[in-house]
Amino acid sequence: MATRSEFDVLDRSPDPALDELAGLAAALCGADYAYTAWTDGNRLWFKSRHGFEGAEQIRTQTACHWTLESGAPMLIEDATKDSRFPPQGIPLPGAGFCRSYAGVPLVNTAQEIVGTLAVLTAAPSQFSNLHLHLLEILGRQVMTRLELYSRIGSQEQAQRARQRTERALAIERSFVAATLDSIPALVALLDNAGHIVRMNYPCKQLTGLSLADAVGRPFFEDFLEGVDGAWIAARIQEASSGQVSGPYESLWRAHDNKTRRVSWTLRSLAGPSDDLQYLIVTGQDVTDQRQVEKALLSSETRYKQLVENSLGFLFTCTAEGRLTSLNAFTAETLGYRIKDLIGHSVTLFLEMPGAAIFQEGLHALRPGEEWQGVLRVRRSDGVNRHIAFRSKLMELPDNQLIVLNHGMDVTEQHEAEEALHLATHQRELILESVGDGIYGIDLDGNLTFINKAAAEILGYTSDQLIGRDVFELIHHSNADGTPAGKATNLIFQSMRRHEQIRTRDEVFWRKDGSSIPVEYSAAPLVENDVVCGMVVAFQDVSERRRLDRMKDEFISTVSHELRTPLTSLRASLGLLSSGSFDKRPDKQQQMVEMAIGNCDRLVRLVNGILDFNRMEKGQLAFNRQPVDAQSLLRRAAQNSQSVATKSHINFRIESPDHISVLADEQRILQVLNELISNAIKFSPPETLIRLVAHPAGPQEICFHVQDQGRGIPLEKLDRIFDRFQQGDSSDTRDMGGTGLGLALCRSIVEQHGGRIWAQSQPGKGSRFLFTLPAAPKMVNFPVKNHGLFSGRPKKSDRAH
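Residues numbered from 1 in each chain as written. Predicted model: local features only at pLDDT ≥ 70, side-chain atom pairs only at ≥ 80, totals over all residues. Heavy atoms only, no water.

Asks: An account of the overall build of the protein chain is requested, with residue identities and associated values reported.
Replies: Helix and strand content of the protein chain: 25 helices and 31 strands. Across the 800 residues that make up the protein chain, the buried fraction comes to 42%. The contacts in the protein chain between residues at least 6 apart in sequence include a share of 55% that link residues at least 24 apart. Accessible surface, the protein chain: about 42200 Å² in total, of which carbon and sulfur atoms supply 52%. (Helix = DSSP H or I, 4+ residues; strand = E, 2+ residues; numbered from the N terminus. Buried < 20%, exposed > 50% of the residue type's maximum accessible area, 1.4 Å probe, protein only. Contact = heavy atoms within 4.5 Å. Areas by Shrake-Rupley, 256 points an atom, 1.4 Å probe, with all protein chains shown as cover.)

Asks: Please give an account of the sheet that holds strand β24 (residues 530-540) that cites residues and values.
Replies: Across the sheet, which stays open at both edges, the five strands sit in the order β21-β20-β24-β23-β22 with antiparallel pairing between neighbours. Only two strands of the sheet have a single partner each, and these edge strands are β21 (447-450) and β22 (501-509). Across this sheet, the average inter-strand angle for adjacent strands is 30 degrees, counted without regard to direction. Here β22 pairs with strand β23 (residues 515-527) via seven bridges, running antiparallel. Looking at β23, one finds that T503 is bridged to Y520. (Pairing = 2+ DSSP bridges. Axes fitted to C-alpha atoms, helices over the stretch in contact; angles between N-to-C directions.)

Asks: Tell me about the side chain of T265, and please be specific about residues and values.
Replies: Here T265 shows up in strand β13 (residues 259-270). Within polar-contact distance, the side chain of T265 engages the side chain of T282 at 2.8 Å. Excluding anything up to four places from it in sequence, T265 contacts V244, S245, G246, P247, I280, V281 and T282. (Polar contact = N/O pair within 3.5 Å; in protein donor to acceptor, adjacent residues only side chain to side chain.)

Asks: Hey, could you go over the packing of helix α21 (residues 629-639) against helix α23 (residues 665-681) for me, with residue numbers and the actual values?
Replies: For the pair α21 and α23, interaxial distance at closest approach is 9 Å and the crossing angle is 55 degrees. Taken together, the axis directions place α21 and α23 in an arrangement best described as oblique. The two elements α21 and α23 meet at a crossing, and its hand is right-handed. For the pair formed by α21 and α23, the contact residues are L632, L633, R635, A636, A637 and N639 on the first element and E665, Q666, I668, L669, L672, N673 and I676 on the second. (Parallel < 35°, antiparallel > 145°, perpendicular 65-115°, else oblique. Left-handed = near helix turned anticlockwise from the far one by under 90°.)

Asks: Explain unusual backbone geometry to me, and be specific about the residues and the numbers.
Replies: Cis geometry marks the peptide bond from M352 to P353; its omega dihedral reads 5 degrees. You will see that S125, though not glycine, has its phi angle at about 55 degrees, which is positive. Even without a glycine there, the phi angle at H648 is positive, about 60 degrees. Residue H648 is classed as partly exposed on the basis of its relative accessible area, which comes to 47%.

Asks: How would you summarise a positive patch on the surface if you had to cite specific residues and measurements?
Replies: A cluster of basic side chains, namely R160, R164, R468 and K511, defines a positive patch on the protein surface. Structurally, R160 can be placed in helix α4 (residues 129-182). (Patch = residues over 30% accessible without salt bridge, like charges linked within 9 Å, V, L, I, M, F, W, Y side chains within 5 Å. Salt bridge = Lys/Arg side-chain N within 4 Å of Asp/Glu carboxyl O. Lys, Arg positive; Asp, Glu negative; His and termini not counted. Charge placed at Lys NZ, Arg CZ, Asp CG, Glu CD.)

Asks: I'd like a description of the pattern of salt bridges, backed by residues and values.
Replies: A side chain with one charge may pair with a side chain of the opposite charge, provided their charged atoms come close. Going through the model one piece at a time under the given rule, you end up with 24 salt bridges. The salt bridge involving E225 is made with R253; its shortest N-O contact spans 3.6 Å. Remark: R253 occurs in strand β12 (residues 245-253) and E225 occurs in strand β11 (residues 224-225); sequence separation between them is 28 residues. Among the residues examined, R253 registers a relative accessible area of 31% and is labelled partly exposed. Residue R755 pairs with E700 through a salt bridge whose shortest N-O separation is 2.7 Å.

Asks: Let's hear about the nonpolar core: which residues, and what values?
Replies: With 42 residues, the main nonpolar core has F703 and F770 as its most contacted residues. Here the element with the most residues in this core is α23; it accounts for eight residues. The contact partners of F770, leaving out residues within four places of it in the chain, are I668, V671, L672, L675, I701, C702, F703, V749, R755 and I756. Residues L447, Y460, F492 and F538 belong to the second largest nonpolar core, which totals 27 residues. (Core = buried A, V, L, I, M, F, W, Y, C linked by side-chain atoms within 4.5 Å.)

Asks: Give me α21: which residues, what numbers.
Replies: Among all positions of α21, only A629, Q630, L632, L633, A636 and A637 are buried. The buried residues of α21 occupy one face: seen down the axis, they fall within an arc of 160 degrees. Where α21 begins, the side chain of D628 points an oxygen toward the backbone nitrogen of Q630, at a separation of 3.2 Å. (Arc of directions from axis to C-beta.)

Asks: Describe the sheet that holds strand β17 (residues 370-378), listing the residues and the values that go with them.
Replies: The strand order across the open sheet built from five strands is β16-β15-β19-β18-β17, with neighbouring strands paired in antiparallel fashion. The open sheet has two edge strands with one neighbour each: β16 (323-326) and β17. Averaged over all pairs of adjacent strands, the angle between strand axes in this sheet comes to 25 degrees, irrespective of strand direction. Relative to strand β18 (residues 384-395), β17 runs antiparallel, the two sharing nine bridges. Bridging from a neighbouring strand, V377 pairs with R385 of β18. On top of the sheet, helix α13 (residues 354-364) reaches β15 (313-317), β17, β18 and β19 (401-409); it is set at about 160 degrees to β17, its chief contact.

Asks: Can you lay out the pairing of strand β27 (residues 660-663) for me, pointing to particular residues and giving the numbers?
Replies: Taking every second residue as pointing to the same face, the buried face of β27 carries V661 and A663, while none of S660 and L662 on the other face is buried. In the sheet, strand β25 (residues 625-628) pairs with β27 via four bridges, with the strands oriented antiparallel. Paired with V627 across the strands is V661, a residue of β27.

Asks: Explain the packing of aromatic side chains to me, using residue names and the numbers behind them.
Replies: Inspection of the entire model under this criterion finds 23 aromatic pairs. Ring geometry for F358 and F389: centres 6.3 Å apart, planes at 55 degrees, overall tilted. With F358 in helix α13 and F389 in strand β18, this pair connects stretches of sequence that are 31 residues apart. A single burial state applies to F358 and to F389, both of which are buried. A connected cluster of aromatic rings, assembled from ring pairs, spans F219, F220, F223, W231, Y248, W252 and W264. (Phe/Tyr/Trp six-rings, centres within 6.5 Å; stacked < 30°, edge-to-face > 60°.)

Asks: How would you explain the environment of P367 if you had to name every residue and give the values?
Replies: Take P367: it is sitting in the loop between α13 and β17. Along the primary structure P367 and L393 are separated by 26 residues, whereas in three dimensions their C-alpha atoms are 5.0 Å apart. Beyond its immediate stretch of four places on either side in the chain, P367 contacts L393, E395 and L401.

Asks: Got a sec to walk through helix α25 (residues 741-751)? Specific residues and values, please.
Replies: In terms of burial, α25 is largely enclosed, as nine of its eleven residues are buried. Looking at α25, one finds that the buried residues are G741, L742, A743, L744, C745, R746, S747, I748 and V749. G753 sits one or two positions beyond α25 and adopts a positive phi of about 90 degrees.

Asks: Explain the environment of T330 to me, and be specific about the residues and the numbers.
Replies: Within the secondary structure layout, T330 lies in helix α11 (residues 328-334). Here T330 falls in the buried class, since its relative accessible area comes to 1%. The sequence separation of T330 and H406 amounts to 76 residues, and the corresponding C-alpha distance is 9.9 Å. Not counting residues within four places of it along the chain, the set of residues in contact with T330 comprises G312, F313, L314 and F315.

Asks: Which residues make up a nonpolar patch on the surface, and what are the values?
Replies: A contiguous nonpolar patch, built from L148, Y149 and I152 and spanning about 240 Å² of accessible area, is present on the exposed surface. Inspection of the secondary structure puts Y149 in helix α4.

Asks: Give a detailed account of the packing of α23 against α25, specifying residues and quantitative values.
Replies: At a minimum axis separation of 10 Å, α23 and α25 run at an interaxial angle of 145 degrees. For α23 against α25, the interelement crossing comes out left-handed. Between α23 and α25, the residues in contact are R667, I668, Q670, V671, E674, L675 and N678 and G741, L742, L744, C745, I748 and V749, respectively. Partitioning the contact of α23 with α25 into residue classes produces eight nonpolar, three polar and two charged. (Nonpolar A, V, L, I, M, F, W, Y, C, P; charged D, E, K, R; others polar.)

Written out as structure tokens, the structure reads:
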């Protein structure tokens with residue numbers, strides 16, 4: 001049974017199926033508007049809608065609030081006569097007010113109300129109980145779809161979990177295989193019938209068979225001598241019951257048509273459901289050891305020679321662990337003399353907890369049995385070594401028990417394994433810490449590893465990419481969208497040629513179908529002098545190319561802005577210098593004024609660039625003082641009055657008296673001048689520019705500059721305050737400017753502790769708003785509604 005949390009009802013991504021149901025509800029009920037909405041207690045989120053574009057609404061302003069409160073279908077014939085709603089009716093974002101309403105709660109199988117399905121229309125008395133019945137039927141269809149989404153999501157999660165488990169098992173198998181091949185013991189993995197599934201490297205060396213030749217062969221019949229089928233079946237049955245069968249000593253057939261004596265055990269390996277999955281044979285080639293033991297028992301002289309000439313630890317001790325003999329190599333390795341060790345406990349040179357483990361192993365030994373383990377040995381100088389011990393309890397002819405111990409120094413192997421583990425961990429840390437994307441592929445082009453940065457750039461998770469064909473995911477098309485061939489792909493070509501490549505003009509394709517420009521280098525992965533794949537390191541250069549384009553556009557714009565006044569200035573001065581207007585003083589004055597105007601234009605351009613540079617470096621000082629807001633607006637209007645008059649544009653100032661801001665007067669005038677100048681540029685003649693200031697709260701004053709021009713495209717609003725940005729790229733040429741003005745305005749306002757943003761309706765004009773901190777002890781005025789735009793800015797309207 002799905003619960004409210006399992007539906008993820010607050011997911012606000014579009015759902016075409018629910019949009020169709022909303023449209024069907026509107027068609028069946030003859031409604032102007034229809035929607036499916038979720039609620040979180042404070043707001044109503046429109047998951048699907050018909051006839052309007054609103055995204056959310058305060059819950060208490062909606063008719064659905066009362067449907068949710070009652071938990072039952074609701075019919076409102078005329079909301080203008082209902083005291084729960086405003087006189088105009090039920091408000092609906094982007095649609096005005098509605099008078100008729102019909103809505104039903106959406107109830108899941110846990111009897112929880114997760115939202116509503118409603119229809120509305122502007123006319124009264126449009127719906128009946130029949131329409132409520134239709135809405136209830138459609139509401140059940142909505143919940144059925146949500147139940148389906150929940151089940152699909154659960155199945156996808158289960159599938160991802162299974163994939164992670166399979167990858168983990170693959171890694172574990174690789175680790176186990178590498179570990180088995182690195183240990184000296186003989187290990188064979190059998191199925192429950194005794195046929196070979198896998199052998200480790202020492203086992204393959206002993207038998208002389210490759211894994212391909214060995215797989216499927218009956219292990220006991222083909223490799224053990226002197227055992228019959230009944231005995232083998234009994235051992236398999238014993239191991240299958242969960243017991244450890246053995247140890248046994250048998251002759252194994254070796255690759256040179258000889259036999260080796262092996263001490264081995266048989267045990268079972270259970271599967272996930274505790275059922276028998278495999279049998280494991282683990283053995284130790286004791287041929288040499290048995291020969292040594294035989295020689296020791298048969299001849300004291302040969303015993304001494306073998307012991308003294310052994311290049312490994314070799315010593316005997318009592319069943320209690322007291323040393324009775326040892327070879328010179330053991331004494332020299334430990335840093336003692338032989339006579340200093342005889343009679344002492346073996347624990348003298350064993351570190352804890354190894355000493356306790358060794359003692360427990362001795363106490364558990366029975367005649368003919370063997371104990372083995374890796375223990376840390378302490379030399380006389382305090383240096384530790386790792387020794388792999390094998391100890392066997394033997395009964396001498398006089399019934400005396402003695403423990404024969406053999407050890408090999410595996411310190412270097414242990415340190416190498418630790419170093420490998422550390423190197424692997426460091427590699428993983430490095431891959432995850434670098435900002436560039438890095439991934440590896442095998443010879444078939446399947447992805448073998450990828451770091452977090454690469455997965456995020458491509459829009460995937462690492463789990464979604466491992467094992468997938470990289471070409472099909474990110475190289476399937478060229479930059480122009482035409483299909484790309486795998487044979488012509490540079491990465492695959494360099495892999496075939498075993499060479500490294502680097503390219504700066506390529507695109508990768510993301511999960512959402514978009515492409516990103518990248519620079520990448522690819523180099524072959526070489527293991528044992530054989531190329532086994534490629535590693536690719538790449539960078540998303542979208543931002544760099546965007547900055548390059550912005551830089552080029554800025555240089556072009558500034559060059560144009562400099563050249564235009566310089567050309568005019570040179571022409572004016574040239575005419576004056578030539579004496580052409582010596583007898584026409586009025587023309588001379590006009591040329592001088594033109595030259596001065598162009599000089600002023602150059603000064604403003606340079607000052608704007610320098611101010612922005614100082615602002616970016618935090619070097620622009622501010623002199624904050626209480627300043628009257630109305631006075632700021634009047635001064636700004638006066639500064640632009642002459643230009644506005646020439647363009648036949650009027651100003652209207654709207655501001656209460658006695659409201660002040662804490663600001664640098666000149667810098668805020670600079671902001672207002674920039675905003676007013678832009679408004680004049682983009683306003684047609686005979687229009688009005690409104691300059692507004694009003695309290696936006698007890699500690700904040702909001703300023704508006706609103707024109708009646710062509711407006712700004714909605715997709716440009718978020719970037720209009722970025723450097724080198726204008727509402728239209730053609731504005732730079734047609735209207736002039738460097739594209740730094742609004743960026744400088746934002747920096748000035750934000751360093752005053754305020755914020756700046758823009759609102760626009762294409763074809764009806766734009767409004768630029770910014771806030772400043774109110775001066776201390778100002779009168780708290782109520783917030784007023786000023787004209788076409790109203791309310792506080794939504795998050796998406798603010799400059800970030």
